[in-house]
Amino acid sequence: MSFLWGASLSAHQTEGKCENDWTRWEHEQATTLALKNRLLGRLKYRDRWNDIRDDLADPGNYVSGRATDHYNRFREDIALADEIGLTALRLSFEWSRIQPEEGVVSDEALAHYQDVIAELRARDITPVVTLWHFTHPQWFIDEYGWAHEEAPRLFAEYVRTVADAFGDDIRFWLTVNEPSAWVRAAYVFDTFPPTDTSILNALTAWRHLVKAHRRAYEVLQARVSEATVGLSVAAGCFEPYTDNPVNRKLANLLRTVERDAFLDACLPAVDVIGLNYYIHYKVDMLFRNLLGESRPKSDLGWPLSPAGLYCLLMQMAQFDRPLLVTEHGLADAADDRRPWYLSESIAYLAQARDEGVPVNGYFHWALTDNFEWEKGFWPRFGLVAVDYDDLSREPRESAAVYADIIAQKDWEARW
Ligand code: BGC
């Protein structure tokens with residue numbers, strides 16, 4: 001099988017008209033978020049302030065609403081992926097559509113996702129399906145939530161429904177997306193629903209997500225022949241800022257807590273590790289890493305480090321599992337850093353591959369612009385720009401850059 005050249009999307013961020021726990025939270029929080037960012041946005045996003053101040057102060061920015069209407073326009077989006085030459089697309093199934101009520105399965109939702117998978121297959125694009133990308137049916141949150149002991153069983157039931165409906169049509173499955181980062185946002189920092197601040201619940205939810213992954217793994221392995229099942233983790237590269245023992249220990253600690261502990265807990269039920277790489281952390285006990293940061297930054301102010309992808313892949317080789325870079329990208333409305341970032345990062349990926357790291361795919365985040373959670377619509381992550389007035393799509397220059405890279409690299413995967 002060839003290396004998978006892909007892009008990623010998630011349901012809630014693109015489909016539109018979702019009815020899940022995020023939808024409710026957005027409506028409750030929109031005014032507060034707008035007010036908060038009107039006050040703090042100048043500090044947080046000082047380089048971009050003039051361009052985004054109106055969006056930041058607009059409550060409508062924080063409500064996903066029709067999003068990019070991917071639910072109805074998936075054929076157009078898949079055609080765009082095909083034009084770029086993508087051989088794979090990572091997307092998520094929306095649990096709240098498939099099980100709108102406890103114990104109820106929506107045939108309509110399953111039929112919809114069957115159409116999506118058929119469209120991908122017709123264009124010879126390999127689907128990689130994420131089963132949980134941050135959102136939940138409202139009933140699950142109201143009656144249970146991840147801190148409830150029934151949560152892993154309920155998740156496994158949803159996965160069983162999906163596995164029975166799709167079976168061998170889908171080989172690549174990612175059970176959960178960035179579980180540790182989600183637990184931190186939802187239970188510690190209160191930036192994601194259910195904003196249930198409690199360290200005890202955070203730890204319990206984390207444990208239940210591990211169980212949920214393991215159960216989902218068993219369900220998929222039992223029902224899908226040749227299933228390749230894994231999960232995506234928020235995968236920063238952690239290195240000491242200067243090589244002294246304290247910085248080294250700190251970097252190791254963060255690497256474990258933020259990235260590796262969840263994976264370790266899921267083993268051996270992992271056939272493939274999905275890596276969402278955004279940040280190269282240079283860890284320093286004196287916080288000098290925060291001063292005088294000179295690397296180029298994304299519109300969100302995240303420093304861009306292509307070399308960090310190499311560093312990450314080398315660190316992940318220790319897990320002795322095939323790897324997929326399931327997300328990598330940047331908010332860049334002007335598209336004036338993305339072409340460089342994309343090409344440089346893939347050059348580093350090639351280097352890690354040449355040195356024997358079994359990396360079998362790269363998925364750019366994202367195929368199209370989309371709804372960036374609590375930040376709303378203004379950060380532009382797409383290879384393809386979306387005009388939110390008429391929902392038209394327009395590939396950015398970086399889509400052509402990516403197309404050239406794909407056309408030149410016919411790599412074999414090592415499964
Ligand atoms: C998430 C995406 C998100 C992206 C950019 C990842 O943490 O999986 O949903 O849009 O980062 O922030």
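The preceding data block contains the structure.
Residues numbered from 1 in each chain as written. Predicted model: local features only at pLDDT ≥ 70, side-chain atom pairs only at ≥ 80, totals over all residues. Heavy atoms only, no water.

A. Region of interest: the pairing of strand 10 (residues 359-365). Most of strand 10 is tucked away: 7 of the 7 residues are buried. The pairing of strand 9 (residues 323-328) with strand 10 spans 2 bridges and is classified as parallel. When the bridges of strand 10 are listed, Val325 appears paired with Tyr362. (Buried < 20%, exposed > 50% of the residue type's maximum accessible area, 1.4 Å probe, protein only. Helix = DSSP H or I, 4+ residues; strand = E, 2+ residues; numbered from the N terminus. Pairing = 2+ DSSP bridges.)

B. Structural view of a nonpolar patch on the surface. Together, Leu35, Leu39, Leu40 and Leu43 make up a nonpolar patch on the protein surface, roughly 440 Å² of accessible area in all. Looking at where Leu43 falls in the secondary structure, it is placed in helix 2 (residues 21-44). Leu43 sits in the exposed class, given a relative accessible area of 63%. (Patch = residues over 30% accessible without salt bridge, like charges linked within 9 Å, V, L, I, M, F, W, Y side chains within 5 Å. Areas by Shrake-Rupley, 256 points an atom, 1.4 Å probe, with all protein chains shown as cover. Salt bridge = Lys/Arg side-chain N within 4 Å of Asp/Glu carboxyl O.)

C. Seen up close, the sheet that holds strand 7 (residues 272-277). Strand order in the closed barrel formed by 8 strands is 1-2-3-4-5-7-9-10, with parallel pairing between adjacent strands. Averaged over neighbouring strand pairs, the angle between their axes works out to 25 degrees when direction is ignored. Here strand 1 (residues 4-8) runs beside strand 10; their pairing, made up of 5 bridges, is parallel. Bridge pairing links Leu4 to Gly361 in strand 10. Running over the sheet, helix 13 (residues 338-354) touches strand 1, strand 7, strand 9 and strand 10 and is turned about 170 degrees from strand 10. (Axes fitted to C-alpha atoms, helices over the stretch in contact; angles between N-to-C directions. Contact = heavy atoms within 4.5 Å.)

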